[in-house]
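Fold and geometry: a report
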Amino acid sequence: MMSNLVFLPIFIPLFFGALLVFFNKKQKATVNLSFLVVLLSFGVSLYLSYHVFSNGPLTLETGGWKAPYGIILVADKLSVIMILAVNVIALTAAIFALSSVTEKMVEHYFYPLFFLLIAGVSGAFLTGDLFNLFVFFEVLLMASYGLIIIGGSKHQFRESVKYILLNLFSSILFVTTVAFLYSVTGTVNMAQLGERVGQVEQQGILTGIGILLFIVFATKGALFPLYFWLPKSYIVPSPIVSALFGALLTKVGVYSMLRVFTLIFSHKLELTHTFFIWIATITMIIGVIGALSTSNVKLIIAYNIMPAIGFMLLGIGTFSAESLAGTIYYLVHDMAIKAALFFLAGLLVWHAGTSNLKKMGGYIKTAPLMGWMFFVASLILAGIPPFSGFIGKYLLLRGAMDEGHYIAAGVGLLSSLLILFSVIRIFIGAFWGELKEEPKQPLRTSGLAASAVLIAISILLGVGAEWFYPYVQAAADSLIDPQIYIDYVLKE
Amino acid sequence: MEILMSILAGTLFAAGVYLILQKQLLKIVLGTALLSHGAHLFILTMGKLNRGKPPILIEGVKNYTDPLPQALILTSIVISFGVTSFLLVLAYRTYQSNKTDMMDQLRGTDDE
């Protein structure tokens, strides 16, 4: 079914993001309008997902150009789940922003960049065209380049230079890969690519192109050999920006892999997907080692992004309906809990006036609520039942075991334990014991409220898994059989 | 013609990669600019070069150039303009606040 509804999750943040550029001096109006826009966008995404799950996927052929020729936007089950998750994160970020975004940040276009980031991420989830995926990657990266530099401190410049250069390089590689793919298959439409890849004779070249694309997405998603830019550059900006990055940016890389390697490059599973499982295993190990190696609170959380990405890749590598469902479940869970943890870490650092764990202690007396929220968030992150991390991990590990990937599953189990250890270390170090130093700043209520909402969602995702699982399973089922997507988009 | 263009694109890529591996920030920015030019040429080459033909498909016209690579390049050029200008400003501001433009001095582990 054709509908302009598909365009709205991109259009609303894009339009208001552009509009807000002109109001950067009007603090109060900007904050209020942004909140309304986020609510509106959330409402639209909720309606879109309801519509897609009850009436089937929606497409929009922009400008009336028929499917393989024009730019096409597709909202299938996976896309709307992701769009909904993005809008939940945006909503809680807007709540967190109420007390954490300073006048100076608003003046330096925090809100326009925030909305452009949301627009870019939503676009990447909705597009049905590989080149357009690159364009939306650029939109969200440009917004992130702006966001990472807001504040303009010395170390922010230092770390963001590397972040930007690396992302730029991977973007150029992306364009080059699209050109390769175009010359071999003669199309950039994902559905038509999925169809043609099976017909083209030169399977070897296609596998090579697939691996090139994997390198691009692995850079964006911070997988094993290409992760080194992530931890430091994620901790330098303001906590709300770190939370947005941690929750959204790497997940776009994972989503792209999920889409591309189920729809287009699924012809040489034994080669590519076995490779993925090894990369996933090493990523988990390296991420956990990083998280254990530092006593900087923000850095511990930033390193914890990597094992999570490893888990999701494990699901893609295993490539069964169950493990793909696990990947999607884990993706949504991780977006919520990473944002919550970055929020809480930011609050903790403000409260303590330092991010060094060794200088903290005893804050359970001054901030009991935050302490216990941090504890629950740690349990959720590590995947202690009955929280949401458990459901995703259970599906992933059972999927991996069923397919005989015992080493990867074992490493996954071990790394979960070490993840728990690394975050509980923050809880013990910062909240137990005697009060070492008086807190520098009081807690910010809106920050606590935003984290509480996200933690509540995570708990709900875990306890109410029976309600959510059918939707996730339906999305995974549509991924495992790409013909549904192809037929739908090309309308044969 | 395609061979020549491929060699040119390859040269641009090589020069770009060489510049990116330098220590000075400005050279790195120039390297990214060269790399994106290489990528654009590459897209054009991959869409098969047809000189002097219109990039339009009208009924009856058999000889036309594939318009898609040109549309892709146009988008990609605009993006790379934006990113390059941003990078130049960023490089300047980084130099100002860190008092150096050498990459090996731009690392550090200040645990604040």
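Predicted, not measured: the structure shown is a model, and the values here were computed from it. (Residues numbered from 1 in each chain as written. Chains lettered and ligands numbered in written order. Predicted model: local features only at pLDDT ≥ 70, side-chain atom pairs only at ≥ 80, totals over all residues. Heavy atoms only, no water.)

1. Some thoughts on the overall build of chain B
Going by this rule: Numbering of helices and strands runs from the N terminus; a helix is a DSSP stretch of H or I covering at least four residues, while a strand is a stretch of E covering at least two. For a compact globule the rule gives 2.2 Å times the number of residues to the power 0.38, and the radius of gyration it is set against comes from C-alpha atoms.
Regarding its fold elements, chain B presents 3 helices and 0 strands. If you list the helices and strands of chain B from N to C, you get α-α-α. On C-alpha atoms alone, chain B measures out to a radius of gyration of 19 Å, which is more than a quarter above the 13 Å that the 2.2 N^0.38 rule sets for 112 residues. Based on the C-alpha atoms only, the size of chain B along its principal axes is roughly 70 × 25 × 20 Å.

2. A word on the overall build of chain A
Condition: When accessible area is computed with a 1.4 Å probe and restricted to protein chains, residues below 20% of their type maximum are described as buried, those above 50% as exposed, and intermediate ones as partly exposed. Contact definition: two residues touch when any of their heavy atoms are within 4.5 Å. All accessible-area figures derive from a Shrake-Rupley calculation using a 1.4 Å probe, and residue coverage is judged against the displayed protein chains alone. His is not counted here, nor are the chain ends, while Lys and Arg score as positive and Asp and Glu score as negative. A single reference atom marks each charge: NZ on Lys, CZ on Arg, CG on Asp, CD on Glu.
Secondary structure summary: chain A contains 21 helices and 2 strands in total. For 492 residues, the compact-globule estimate of 2.2 N^0.38 gives 23 Å, and the C-alpha radius of gyration of chain A, at 21 Å, lies within 12% of that figure. By principal-axis analysis of the C-alpha atoms, chain A measures approximately 70 × 55 × 45 Å. Counting every position in chain A, which comprises 492 residues, the buried fraction comes to 65%. Summarising the internal contacts of chain A: among those between residues at least 6 apart in sequence, 82% fall at separations of at least 24. Put simply, chain A shows about 16500 Å² of open surface, and 69% of that area lies on carbon and sulfur atoms. For chain A, the centre of its 27 positive side-chain charges and the centre of its 22 negative side-chain charges are spaced 15 Å apart.

3. Looking at the packing of aromatic side chains
Given two aromatic rings, one states the distance between the centres and the angle between the planes to describe the pair. For the record, the criterion: Here a Phe, Tyr or Trp ring, Trp counted by its six-membered ring, pairs with any other such ring whose centre lies within 6.5 Å, and the pair is stacked when the planes are under 30 degrees apart, edge-to-face when over 60, and tilted otherwise. The criterion for a charge sitting over a ring is simple: Lys NZ or Arg CZ within 6 Å of the ring centre, and within 35 degrees of the ring normal.
As enumerated under the stated definition, the model contains 37 aromatic pairs over all chains in all. Above the plane of the ring of A:Trp350 lies A:Arg444, whose end atom (NZ or CZ) is 3.7 Å from the centre.

4. Concerning the environment of A:Phe7
Residues and elements named next belong to chain A. Positionally, phenylalanine 7 belongs in the segment before helix H1 (8–20). With 32 residues separating them along the chain, phenylalanine 7 and leucine 39 place their C-alpha atoms 17 Å apart. Ignoring anything within four residues of it in the chain, the contact list for phenylalanine 7 reads Leu60 and Leu73.

5. Here's the deal with the nonpolar core
Applied cut-off: Nonpolar core, defined: a set of buried Ala, Val, Leu, Ile, Met, Phe, Trp, Tyr and Cys residues in which side-chain atoms within 4.5 Å join the residues together.
Membership of the largest hydrophobic core comes to 220 residues, with the highest contact counts inside it found for A:Phe110, A:Phe114, A:Leu130, A:Tyr163, A:Phe174, A:Ile240 and A:Leu248. Here the element with the most residues in this core is helix H15 (residues 321–352) of chain A; it accounts for 20 residues.

6. Digging into the pattern of salt bridges
Pairs can form between side chains of opposite charge once their charged atoms are near each other. All names here are of chain A. We apply this condition: When a carboxyl oxygen of Asp or Glu lies within 4 Å of a side-chain nitrogen of Lys or Arg, that pair is called a salt bridge.
Summed over the entire model, instances satisfying the criterion amount to 8 salt bridges over all chains. A salt bridge links aspartate 334 to lysine 338; the nearest nitrogen and oxygen atoms lie 3.0 Å apart. Of this pair, aspartate 334 and lysine 338 are both found in helix H15, 4 residues apart, which corresponds to roughly one turn of the helix. Of the two residues examined, aspartate 334 and lysine 338, each falls in the buried class. Each of Arg158, Glu159 and Lys162 takes part in one network of salt bridges that share partners.

7. Some points on the layout of surface pockets
Note the cut-off: Cavities and pockets were defined on a 1 Å grid built from protein atoms only: a cavity is a group of points that admits a 1.4 Å probe but offers it no way out, a pocket is an open group of points flanked by protein on both sides within 12 Å along at least five of seven lines, and a lining residue is one with an atom within 4 Å of any such point. Grid points are joined across faces, edges and corners, and a volume is the space filled by probe spheres set on the points. Residue polarity follows a fixed list, in which Ala, Val, Leu, Ile, Met, Phe, Trp, Tyr, Cys and Pro are nonpolar, Asp, Glu, Lys and Arg are charged, and the others, Gly among them, are polar.
Computed from the structure, the largest pocket encloses a volume of approximately 850 Å³. Contributing to the lining of the largest pocket are 30 residues, with A:Pro68, A:Tyr69, A:Gly70, B:Pro67 and B:Leu68 lying nearest its centre. For the lining of the largest pocket, the secondary-structure elements that each account for two or more residues are helix H6 (130–149) and helix H8 (190–199) of chain A together with helix H3 (67–98) of chain B. Take the lining of the largest pocket: its biggest share by element is 5 residues, from H3(B). Each residue belonging to the lining of the largest pocket can be placed in one class, and the counts come to 19 nonpolar, 8 polar and 3 charged. Size it by volume and the second largest pocket reaches roughly 670 Å³. Contributing to the lining of the second largest pocket are 24 residues, with A:Leu46, A:Leu84, A:Val332, A:Leu461 and A:Phe468 lying nearest its centre. Elements with a minimum of two residues in the lining of the second largest pocket: helix H2 (27–55), helix H3 (77–100), H15, helix H19 (445–463) and helix H20 (465–480) of chain A. Per-class residue counts for the lining of the second largest pocket are 22 nonpolar, 2 polar and no charged.

8. Focus on the UniProt feature "transmembrane region" (unreviewed entry) in chain B
Our working rule: UniProt positions are given in the numbering used here, feature names are shortened, and annotations may be inferred rather than shown by experiment.
Mapped onto this numbering, the UniProt entry gives "transmembrane region" (unreviewed entry) at residues 6–21, 28–47 and 67–92 of chain B. Structurally, residues 28–47 of chain B is divided into 95% helix and 0% strand, and its ends, taken at the C-alpha atoms, are 29 Å apart.

9. Concerning the interface of chain B and chain A
The cut-off we apply is this: Simply put, the buried area is the total loss of 1.4 Å probe accessible area from both parts when two parts are fitted together.
In this assembly, 36 residues from chain B lie in contact with 33 residues from chain A. Both sides together, the interface formed by chain B and chain A hides about 3100 Å², and carbon and sulfur atoms give 75% of it. Across the chain B-chain A interface, the total number found is 0 salt bridges. Taken together, the elements giving at least two residues each to the side of chain B that touches chain A come down to helix H1 (2–20), helix H2 (25–46) and H3 of chain B. Tallying contributions element by element places H3(B) first for the side of chain B that touches chain A, with 15 residues.

10. Focus: a nonpolar patch on the surface
The following threshold applies: Exposure above 30% relative accessible area and the lack of any salt bridge qualify a residue for a patch; like charges then connect within 9 Å, and the nonpolar side chains Val, Leu, Ile, Met, Phe, Trp and Tyr within 5 Å.
The grouping of B:Ile56, B:Leu57, B:Ile58, B:Val61 and B:Tyr64 at the surface amounts to a nonpolar patch, some 450 Å² of accessible area in total. With relative accessibility at 61%, the residue B:Leu57 sits in the exposed group.

11. Some points on unusual backbone geometry
Residue and element names in this part refer to chain A. Omega for the bond connecting proline 385 with proline 386 falls within 30 degrees of zero, at 5°, which places this linkage in the cis form. Structurally, the position occupied by proline 386 is in the loop between helix H16 (368–382) and helix H17 (388–402). In this model, phenylalanine 319 sits at a positive phi of 55°, which is unusual for a non-glycine residue. Along the chain, the position of phenylalanine 319 falls in the loop between helix H14 (305–318) and H15.

12. Some details on empty space enclosed by the protein
Scanning all chains against the criterion turns up 4 cavities of 30 Å³ or more. Taken together, 16 residues form the lining of the largest cavity, with A:Leu168, A:Ile172, B:Ser36, B:Ile79 and B:Ser80 sitting closest to its centre. Listed by contribution, the elements that provide at least two residues to the lining of the largest cavity are H6 and helix H7 (154–185) of chain A together with H2 and H3 of chain B. Empty space within the second largest cavity amounts to approximately 60 Å³. Looking at the second largest cavity, the residues that line it are A:Phe137, A:Leu140, A:Leu141, A:Tyr163, A:Asn167, A:Lys220, A:Trp229, A:Tyr234, A:Leu249 and A:Val252. Going through the elements one at a time, H6, H7 and helix H11 (239–263) of chain A are the ones with two or more residues in the lining of the second largest cavity. The dominant element in the lining of the second largest cavity, judged by the number of residues it contributes, is H6(A), at 3 residues. Looking at the lining of the second largest cavity residue by residue, the class counts come to 8 nonpolar, 1 polar and 1 charged.

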